[in-house]
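# Residue-level structural notes
The residues making up each chain are set out below.
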Amino acid sequence: LFDHAAALREVASLGVEPAALAELSRVGMDYAAHFGESATSFVRSAYDIQSAIAGLSGGELARFTTAANITAKASKASAEEVTGFFGTMFGTFLRQADAMGRGAWVEALAGQTARAVQMFKTTGPELSRAFANLGADATSMGLSMAEQFAVLGLLQATMGGSEAATKFRAFLRGVGQAQAELGL
């Protein structure tokens, strides 16, 4: 109990409001009971989430933390790896997250990540490397998060995440030139 309170104080040091801390503690206890994990570890992962994605408010921190911890289980990754991945994805898809609502967006991200791992026999860390390497190139060209998961997932059937992103980026850059040359 002392460790749990200490973890909550660590999260509070990032400026998280008391109501959000109470929600985080409650959700952490529920998560621990459901998954047989430590509520204290859950709360500590919230510190990493809040550090990676500043400005989460109200129940958003609890939703992001839950999504990150469940995604870690589903994608053979650690909570720390998924937290970094979520931070990268949030930066890349900020407009979509704000349009959908951040809580709904992170749950969609968690679902798409788990589905990609299942469909394409990849892992969370490989997907993370792919998206980090790709950056915002595909997003700035109008490709949705789901489309990017599909392409990067398919490519990862034959290559690693970083290489998949490099090939995808080269394709995206070349397609514009090809359109011009073909008069499309």
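None of these values were measured; they are calculated from a predicted model.

Right, let's get into the side chain of Gln 50. As for its position among the elements, Gln 50 is in helix H3 (residues 39-52). For Gln 50, a relative accessible area of 9% puts it in the buried group. Once you skip the residues sitting within four places of it in the chain, Gln 50 turns out to touch Leu 14, Val 16, Gly 55, Leu 56 and Leu 61.

This part covers helix H10 (residues 145-155). Residues Met 145, Gln 148, Phe 149, Leu 152 and Gly 153 constitute the buried set of H10. Buried residues in H10, looked at end-on, bunch into an arc of 125°, giving them a common side. Turning to H10, the residues buried within the fold contact helix H5 (79-92), helix H6 (94-100), helix H7 (102-120), helix H8 (124-134), helix H9 (137-140) and helix H11 (161-182).

Another aspect to go through is the confidence of the model for the protein chain. Any segment with low pLDDT has predicted coordinates that should not be analysed in fine detail. Confidence in the prediction of the protein chain, expressed as mean pLDDT, is 92, and 99% of residues score 70 or more. No element of the protein chain has a lower mean pLDDT than H11, at 86, and none a higher one than helix H2 (residues 18-35), at 96.

A word on the nonpolar core. By size, the foremost hydrophobic cluster in this structure holds 49 residues, and its most contacted members are Leu 24, Phe 86, Met 89, Trp 105 and Phe 149. The dominant element in this core, judged by the number of residues it contributes, is H7, at 7 residues.

Let's shift gears to the packing of H3 against H5. Between H3 and H5, the shortest axis-to-axis distance is 9 Å and the interhelical angle comes to 20°. Taken together, the axis directions place H3 and H5 in an arrangement best described as roughly parallel. For the pair H3 and H5, the crossing hand works out as right-handed. Contact residues: Ser 45, Asp 48, Ile 49 and Ala 52 in H3; Ala 79, Glu 80, Thr 83 and Gly 87 in H5. The residue makeup of the contact of H3 with H5, split by class, is 3 nonpolar, 3 polar and 2 charged.

Summed over all chains, the structure comprises 8 aromatic pairs. Judged by centre distance (4.7 Å) and plane angle (40°), the rings of Tyr 31 and Phe 35 are tilted. Of the two residues, Tyr 31 and Phe 35 both sit in helix H2, 4 residues apart, roughly one turn of that helix. Phe 35 sits in the partly exposed class, given a relative accessible area of 32%. Relative to Phe 90, the ring of Phe 64 lies with its centre 6.1 Å away and its plane at 80°, an arrangement referred to as edge-to-face. Within this pair, whereas Phe 64 is found in helix H4 (residues 60-74), its partner Phe 90 is found in helix H5, the two being separated by 26 residues in sequence. Side by side, Phe 64 and Phe 90 carry an identical accessibility label, which is buried. Members of the aromatic cluster, joined through ring pairs, are Phe 85, Phe 86, Phe 131 and Phe 149.

This part covers the environment of Ser 162. Inspection of the secondary structure assignment puts Ser 162 in helix H11. Residues Ser 162 and Ala 132, 30 residues apart in the sequence, show an inter-C-alpha distance of 8.1 Å. Residues contacting Ser 162, with those up to four places away along its chain left out, are Arg 129, Ala 130 and Asn 133.

Rules and cut-offs
- Residues numbered from 1 in each chain as written.
- Predicted model: local features only at pLDDT ≥ 70, side-chain atom pairs only at ≥ 80, totals over all residues.
- Heavy atoms only, no water.
- Helix = DSSP H or I, 4+ residues; strand = E, 2+ residues; numbered from the N terminus.
- Buried < 20%, exposed > 50% of the residue type's maximum accessible area, 1.4 Å probe, protein only.
- Contact = heavy atoms within 4.5 Å.
- Arc of directions from axis to C-beta.
- pLDDT = per-residue confidence, 0-100.
- Core = buried A, V, L, I, M, F, W, Y, C linked by side-chain atoms within 4.5 Å.
- Axes fitted to C-alpha atoms, helices over the stretch in contact; angles between N-to-C directions.
- Parallel < 35°, antiparallel > 145°, perpendicular 65-115°, else oblique.
- Left-handed = near helix turned anticlockwise from the far one by under 90°.
- Nonpolar A, V, L, I, M, F, W, Y, C, P; charged D, E, K, R; others polar.
- Phe/Tyr/Trp six-rings, centres within 6.5 Å; stacked < 30°, edge-to-face > 60°.

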